[in-house]
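Spelled out from the first residue to the last, the chains are:
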Amino acid sequence: MVFSIRLPESDRSLLLILAILYLVTRLPTIFYLPFVQDEALYAVMIQEQIGNASLIPTFLSYPVSWKPPLFFWTYAAFTGPLLEVLPMEAAYRLPSLIFGLAAILPLYFLLRNAGASRNLAFFTILISLFALPSLYPQAALLIDSLLFLLICSSLYLYTERNLGAWRFIPAGAIVFAAFFAKLVVAFIIPILAVAYLYLNDKKSLHNPLFILSLLAAPAAFLLHFTILQSSGLEGDAYISDVGGHLFGSDGIAVQVLGSLSMFLSGAGIWFALSIFGLWKHWRDNLFMAGWYCLIILPIMGGYFMPWYYLPVLPAISYFAAITLLKWDGKEKPDRFFFIIMVMLLCLSAVLLAFIYSGINSDFIAQKEAGLMLSGKENVLVVGNYAPGVLAYKMLSEKQDYGRSLDVAWIQAADNFTADMASAYIHDYHTDAYPVSDGSFSGIFYRKDRSYRKDSNITMPEYVAIIGPYGSAHAVVDVLYNRSNIIIYKVD
C-alpha cells in the first residue's frame, strides 16, 4: 500500500493551514528581539510621522532620503494605537506581521496562475515560511513585508485573466504604491508582468490598459525625484543610496560574499534544492525560471541583508519544492516525500532559532543601555553605529513623559579615535573635527565625517561610548559595560 499525503481539497483549507503556520512561526519573534540597527531609526521616524506626516520622511526633524514615505505613513497609522496595548517592539512590528499574512492569499493564487498545482503552490509557500528572507522581515520593523504584499498583489492581478483587461489599472496603481515603498525594487513587477504575458497571453501585451499600467513605475520615479529635489536630496537617494547598494565601496567580491552569507545561513537548505530544481525543471515553467534569475539583484545589493531576497523567494521555494515533490515527471507526495519534508522543515527551524538567538545576543545591549539612559538628562551618546541606544531612550521617554528629553549624539566617522570622543565629551559643540550638524541623511554612504545631533547640551553628565574609544577623564561611576557599550557618569 502506497502512503501519500492528502491535502484538503479546498483552497480555503490550504490557506488556513498556511496562515496558522505563519502565525506560529512569526508571532513569538515580534516580541523576542530588541530593535536591530535600522529598525531603531525607522521607529524614531515613524514616531515623527504620527500626527505630522510629510512627503519626505524625517529623522530628528530633518528630511532624509533613505526611504520614500508610504512605509512610514502606513506604520504610523498602526503604531500609535498599538503602543497603548503592546510592548514597544511588538507595536512597531505588528504591521509587518499583518502584511506578511495578507500576502499569502495573492501569492497562492499567483503561483496557481503561473502553472503550479495545488500541491506545489502549497509546499512552495510552506517552504518560504521556514526561510530567513521571509521570517525576518515579516516579524521586524522593515519595509519589505509591505513591499512583498504589494508585489504579490500586483502580479496576481496581472496574471488573473478571468478579471479582464481592466485589472491592469489596479495592478499598475499597486506598482505606483510599491515604488513609494521601496523605490526601484518596484520595477520587478512590470518586468515579471511582461514576462508572464509574453509566455501566456501575448495579445494583452498590446492592450492599451496594460501599456498604461507600465507607466506607473516611471511616473512614480519622476514624482519622487521631483519631491526630493525640493530638499536637494535626489542625488542622495538615487546615486548614493541606490547606487551604494549595487556598487559597494568594499568591492564586488566582498559585496557578493556579504550578501550570500546571511542568506545561505538562513535559507541554504532550500537554495541548494532550488539550484537542482532549476537545472532539472526550468523548461517546465519559464516564468518561474525567469523570476528565479532575478536573484542576481539581491546577490549584488543585499549586503548582510537577507530580507532583500524576499521578492525572489517564491521562485527559490518553488524550485526547492518541485525538487522534492516531482519524480519521473509526476508529483509524488508519498511517505518518502513526507519524511524528508518534515526533517528539512525541522532542521530549518532549528537553524533559524540559532540565528535569532545570536541576533538577540548581539543587540540586546543597545536596548539595555537605552532604557538605562531613559529619563536621564544631560546625556551624550558617542561612537559607532548603534541607533538602538538612542531610540530606546527617546521612544521610552515619549511613552512615559509624552516627549523625548534632549540628548546629544555623535555618530562616528570611519577614522574616529578616542581623542575625538574625549573632545566631544568635553565640548559637544567643538569644531576641531569635520562634522555634519543636524541632518543624518548621509550616514550610510558619507562615512568620512561624523554626524552631530542638534542639542542644547554642552557638558554631559552621562556618557555612553559605543566602540573601542576608551572612557573620558574624571569618571565617577561606570553604570553599564557590555558588548562594547560603556555608560558612565562624569564629574
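The shown structure was predicted, so the numbers you read here are calculated from the model rather than taken from an experiment.

Asker: Account for the nonpolar core, naming residues and giving values.
Answerer: Ranked by size, the top nonpolar core spans 159 residues in total, and within it Phe59, Tyr136, Trp270 and Trp291 carry the most contacts. Among the elements that make up this core, the one with the highest residue count is helix 4 (residues 88-113) (13 residues). Setting aside anything within four residues of it in sequence, one finds Trp270 in contact with Ile127, Phe130, Ala131, Ile316, Ala320, Leu324, Leu344, Leu345 and Ser348. Judged by nonpolar contacts, the second largest core, of 17 residues, contains Ile425, Ile457, Tyr469 and Tyr488.

Asker: Explain the pattern of salt bridges to me, using residue names and the numbers behind them.
Answerer: A full pass over the atoms with the stated rule returns 12 salt bridges. Where Lys367 meets Glu89, a salt bridge forms, and the shortest distance between an N and an O atom there is 2.9 Å. In this pair, Lys367 is assigned in helix 17 (residues 335-373) and Glu89 in helix 4, connecting sequence segments 278 residues apart. The partner of Lys453 in a salt bridge is Asp406, and the shortest N-O contact between them spans 3.8 Å. Of this pair, Lys453 sits in the loop between strand 8 (450-452) and strand 9 (462-466) while Asp406 sits in the loop between helix 18 (387-401) and strand 6 (408-411), and the two are 47 residues apart along the sequence. What makes Asp406 partly exposed here is its relative accessible area of 30%. Linked by salt bridges that have partners in common, Arg446, Asp448 and Arg449 make up one network.

Asker: Please set out the side chain of Lys453 residue by residue, giving values where relevant.
Answerer: Assessed through its relative accessible area of 11%, Lys453 is described here as buried. Engagement of the side chain of Lys453 in a polar contact is seen with the backbone oxygen of Val407, the distance being 2.8 Å. Contact partners of Lys453, with chain neighbours within four places excluded, come to Leu60, Asp406, Val407, Trp409, Tyr428 and Phe440.

Asker: Kindly report on the environment of Ile143, identifying the contributing residues and their values.
Answerer: With respect to the helices, strands and loops of the structure, Ile143 is situated in the loop between helix 6 (132-135) and helix 7 (144-159). For Ile143, a relative accessible area of 2% puts it in the buried group. Here the alpha-carbon distance between Ile143 and Phe338, two residues 195 residues apart in the chain, equals 35 Å. When residues no more than four places from it in sequence are discounted, the contact partners of Ile143 are Lys67, Phe71, Ala181 and Lys182.

Asker: Describe helix 17, and please don't skip the residues or the numbers.
Answerer: Over its 39 residues, helix 17 extends 57 Å from the first C-alpha to the last, a length consistent with the 57 Å expected when each residue adds 1.5 Å. Of all the bends in helix 17, the largest measures some 40° and sits at Phe363. One side-chain oxygen at the N-terminal end of helix 17 lies 3.3 Å from the backbone nitrogen of Phe336; it belongs to Asp334. The first or second residue beyond helix 17 is Gly375, which carries a positive phi of 85°.

Asker: How would you summarise the packing of aromatic side chains if you had to cite specific residues and measurements?
Answerer: The final tally for this structure, using the stated rule, is 39 aromatic pairs. Arranged with centres 4.9 Å apart and planes meeting at 70°, the rings of Tyr303 and Phe304 form a pair that is edge-to-face. With a centroid separation of 5.0 Å and an interplanar angle of 85°, the aromatic rings of Tyr318 and Phe319 are classed as edge-to-face. Cluster of aromatic residues (ring-pair linked, three or more members): Phe59, Trp66, Tyr385, Trp409, Phe440, Phe444 and Tyr451. Taking NZ or CZ as reference, Lys202 lies 4.5 Å from the ring centre of Tyr198, over its face.

Each value, and the rule that gives it
- Residues numbered from 1 in each chain as written.
- Predicted model: local features only at pLDDT ≥ 70, side-chain atom pairs only at ≥ 80, totals over all residues.
- Heavy atoms only, no water.
- Core = buried A, V, L, I, M, F, W, Y, C linked by side-chain atoms within 4.5 Å.
- Buried < 20%, exposed > 50% of the residue type's maximum accessible area, 1.4 Å probe, protein only.
- Helix = DSSP H or I, 4+ residues; strand = E, 2+ residues; numbered from the N terminus.
- Contact = heavy atoms within 4.5 Å.
- Salt bridge = Lys/Arg side-chain N within 4 Å of Asp/Glu carboxyl O.
- Polar contact = N/O pair within 3.5 Å; in protein donor to acceptor, adjacent residues only side chain to side chain.
- Expected span 1.5 Å × (residues − 1).
- Bend = angle between axes of the 7 residues up to and from the residue.
- Phe/Tyr/Trp six-rings, centres within 6.5 Å; stacked < 30°, edge-to-face > 60°.
- Lys NZ or Arg CZ within 6 Å of the ring centre and 35° of its normal.

Geometric values such as these leave the question of function open.
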